[in-house]
Amino acid sequence: MIGKKGGSEPIPLTLPISSGEPRFHFKSLRINLEFMKASRCLGLVGGLGVGATIHYYEKLAKAHEARGCALDIVIAHAETPRVFEFVQASDRNGLAEYLNGYILRLQAAGAEVAAIPAVTPHFCMRELAIVSPLPVVNIFPPLLRELAARSAKRVAVFGTRFVIESAIFGELSATEMIQWRPHELDFIHKTYVEAARTGQGSKQQHRELTDLAQTIVRRDGADTVILAGTDLALLFNESNTDFPCIDCAALHIQAIVRELLGEPALSPR
């Protein structure tokens, strides 16, 4: 129970567990939190898909904990089919307006910085940056720095059809993008959308995408495969990826943490 003792002194908050057991006091917890570094509040436009949102949440929390910081976050749930509708119609302004509606709600909940844990919605990043009341951490600058650091000349992309066919919305103009064969592109898109819809990946999906990645490296001389879809984190991680790749989600998460904590951007390796 929280209250006042004698009308002035606060009563210590305790939780009785059972008779004979010690009661938990929050005083030490309060002291520990006071010594943690402050982080700006992040507004995450989630749901695009749910598995990617969970992945970002977990990784952001661990990154803050490793720095001795408390993650401050609010999340809104957007809908993947609505995003696909805007992208298929090439309606950048409509998508920016749709996403900005969630950013406004996140701002009202206390967010100071926004991020979208998905690549496809970045289709309208320029338009969104103009209307958003909050700074939005863009997924592309960390990717371009990493490509430059690796001197990558020929790349292939895993992601949705929209991301692949647009060369990641024109962001890869300085790099040659290897085209998948039509049946390969169909399979990559369908596999990605299914993983995003269910929030999980299967061993078969991992095996088949790995075979495709190894094929394009061997057959077409790809320097690296860009994992340009955050739900690919449901399938690939550092321990099970045996082809050269760049993980957009990992780079984006690093950039978000640095933005929240006021740290300078990472220099290319």
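Up top is the structure these notes are about.
As a starting point, this report considers the structure included with it. From a predicted model like this one, the values you see are computed outputs, not experimental measurements.

## Some details on the pairing of strand 8 (residues 154-158)
Here is step 1: Burial runs high along strand 8: 4 of the 5 residues are buried.
Here is step 2: In terms of strand pairing, strand 8 meets strand 9 (residues 176-177) through 2 bridges, oriented parallel. By the bridge assignment, R154 is partnered in strand 9 with E176.
Here is step 3: Sheet topology places strand 8 next to strand 10 (residues 224-227); 4 bridges connect them, and they run parallel. Following the sheet pairing, F158 is matched in strand 10 by L227.

## Concerning helix 9 (residues 203-220)
Here is step 1: Here helix 9 contains 18 residues, and its C-alpha end-to-end distance of 25 Å stays within 8% of the 26 Å for a straight helix at 1.5 Å per residue.
Here is step 2: For helix 9, the set of buried residues is Q205, H206, L209, T210, L212, A213, T215 and I216.
Here is step 3: Looking at the buried residues of helix 9, the elements they touch are strand 8, helix 8 (182-198) and strand 10.

## Quick notes on unusual backbone geometry
Here is step 1: Cis geometry is adopted by the peptide bond preceding G49, which originates at L48 and carries an omega value of 5°.
Here is step 2: Of note, S90 is a non-glycine position whose phi angle comes to about 55°, a positive value.
Here is step 3: For S90, the location among the structural elements is in the loop between helix 3 (80-88) and helix 4 (92-108).

## Section: the pattern of salt bridges
A side chain with one charge can pair with a side chain of the opposite charge if their charged atoms come near.
Here is step 1: All chains considered together, the criterion is met by 12 salt bridges.
Here is step 2: Across the pair R219 and E184 runs a salt bridge whose closest N-O atoms are separated by 3.0 Å. Taken as a pair, R219 in helix 9 and E184 in helix 8 lie far apart in primary sequence, 35 residues in all.
Here is step 3: R219 sits in the partly exposed class, given a relative accessible area of 29%.
Here is step 4: The exposure class assigned to E184 is buried, which follows from its relative accessible area of 6%.
Here is step 5: Between R197 and E194 there is a salt bridge, with its nearest N and O atoms 2.7 Å apart. One end of the pair, R197, and the other, E194, are both in helix 8, 3 residues apart, so they sit about a helical turn from each other.

## Things to note about the sheet that holds strand 5 (residues 42-46)
Here is step 1: As summarised here, the arrangement of the 3 strands in space is 6-5-7, forming an open sheet in which the pairing is parallel. In the strand order of this sheet, the two ends are held by strand 6 (73-77) and strand 7 (113-115), each with one partner. Mean inter-strand twist for the sheet, computed between neighbouring axes without regard to direction, equals 25°.
Here is step 2: Where strand 5 and strand 7 come together, 3 bridges link them in parallel fashion. Looking at strand 7, one finds that L44 is bridged to A115.
Here is step 3: Sheet strands in contact with helix 2 (residues 50-66) are strand 5 and strand 6, and its direction is about 155° off that of strand 5.
Here is step 4: Docked against the sheet, helix 4 engages strand 5, strand 6 and strand 7, running at close to 145° with respect to strand 5.

## Describing the packing of aromatic side chains
What describes a pair of aromatic rings is the distance from one ring centre to the other and the angle between the planes of the rings.
Here is step 1: One pass over the structure, following the stated rule, counts 7 aromatic pairs.
Here is step 2: Ring geometry for Y98 against Y102: centres 5.2 Å apart, planes inclined by 80°, an arrangement best described as edge-to-face. In this pair, Y98 and Y102 both sit in helix 4, 4 residues apart, roughly one turn of the helix.
Here is step 3: Residue class for Y98 comes out buried when judged on its relative accessible area of 15%.
Here is step 4: A centroid spacing of 5.5 Å and a plane angle of 85° characterise the contact between F236 and F243, whose relative ring orientation is edge-to-face.
Here is step 5: For the cation-ring pair, R82 lies above Y98, with the distance from its terminal atom to the ring centre recorded as 5.3 Å.

## Examining helix 10 (residues 248-261)
Here is step 1: When the terminal C-alpha atoms of helix 10 are compared, their 20 Å separation across 14 residues agrees well with the 20 Å that a helix rising 1.5 Å per residue should span.
Here is step 2: Judged by how many residues are buried, helix 10 sits mostly within the fold: 11 of 14 residues are covered.
Here is step 3: Among all positions in helix 10, only C248, A249, L251, H252, I253, A255, I256, V257, R258, L260 and L261 are buried.
Here is step 4: Buried residues belonging to helix 10 abut strand 5, helix 2, strand 7, helix 6 (140-150), strand 10 and strand 11 (245-247).

## Thoughts on the nonpolar core
Here is step 1: In terms of nonpolar packing, the biggest core is built from 84 residues, with F158 and I226 touching the most fellow members.
Here is step 2: The biggest single contributor to this core is helix 10, with 9 residues.

## Remarks on empty space enclosed by the protein
Here is step 1: Tallied over the entire structure, the rule returns 1 cavity of 30 Å³ or more.
Here is step 2: Taken as a whole, the largest cavity spans an internal volume of roughly 120 Å³.
Here is step 3: Along its surface, the largest cavity is lined by 16 residues, and L48, T80, F84, T120 and Y192 are the ones closest to its centre.
Here is step 4: Sorting the residues of the lining of the largest cavity by element identifies helix 3 and helix 8 as the ones contributing at least two each.
Here is step 5: Residue composition of the lining of the largest cavity, grouped by class: 10 nonpolar, 5 polar and 1 charged.

Conventions used here
Residues numbered from 1 in each chain as written. Predicted model: local features only at pLDDT ≥ 70, side-chain atom pairs only at ≥ 80, totals over all residues. Heavy atoms only, no water. Buried < 20%, exposed > 50% of the residue type's maximum accessible area, 1.4 Å probe, protein only. Helix = DSSP H or I, 4+ residues; strand = E, 2+ residues; numbered from the N terminus. Pairing = 2+ DSSP bridges. Expected span 1.5 Å × (residues − 1). Contact = heavy atoms within 4.5 Å. Salt bridge = Lys/Arg side-chain N within 4 Å of Asp/Glu carboxyl O. Axes fitted to C-alpha atoms, helices over the stretch in contact; angles between N-to-C directions. Phe/Tyr/Trp six-rings, centres within 6.5 Å; stacked < 30°, edge-to-face > 60°. Lys NZ or Arg CZ within 6 Å of the ring centre and 35° of its normal. Core = buried A, V, L, I, M, F, W, Y, C linked by side-chain atoms within 4.5 Å. 1 Å grid on protein atoms, 1.4 Å probe; cavity = no way out; pocket = protein on both sides within 12 Å on 5 of 7 lines; lining within 4 Å. Points joined across faces, edges and corners; volume = space filled by probe spheres on them. Nonpolar A, V, L, I, M, F, W, Y, C, P; charged D, E, K, R; others polar.

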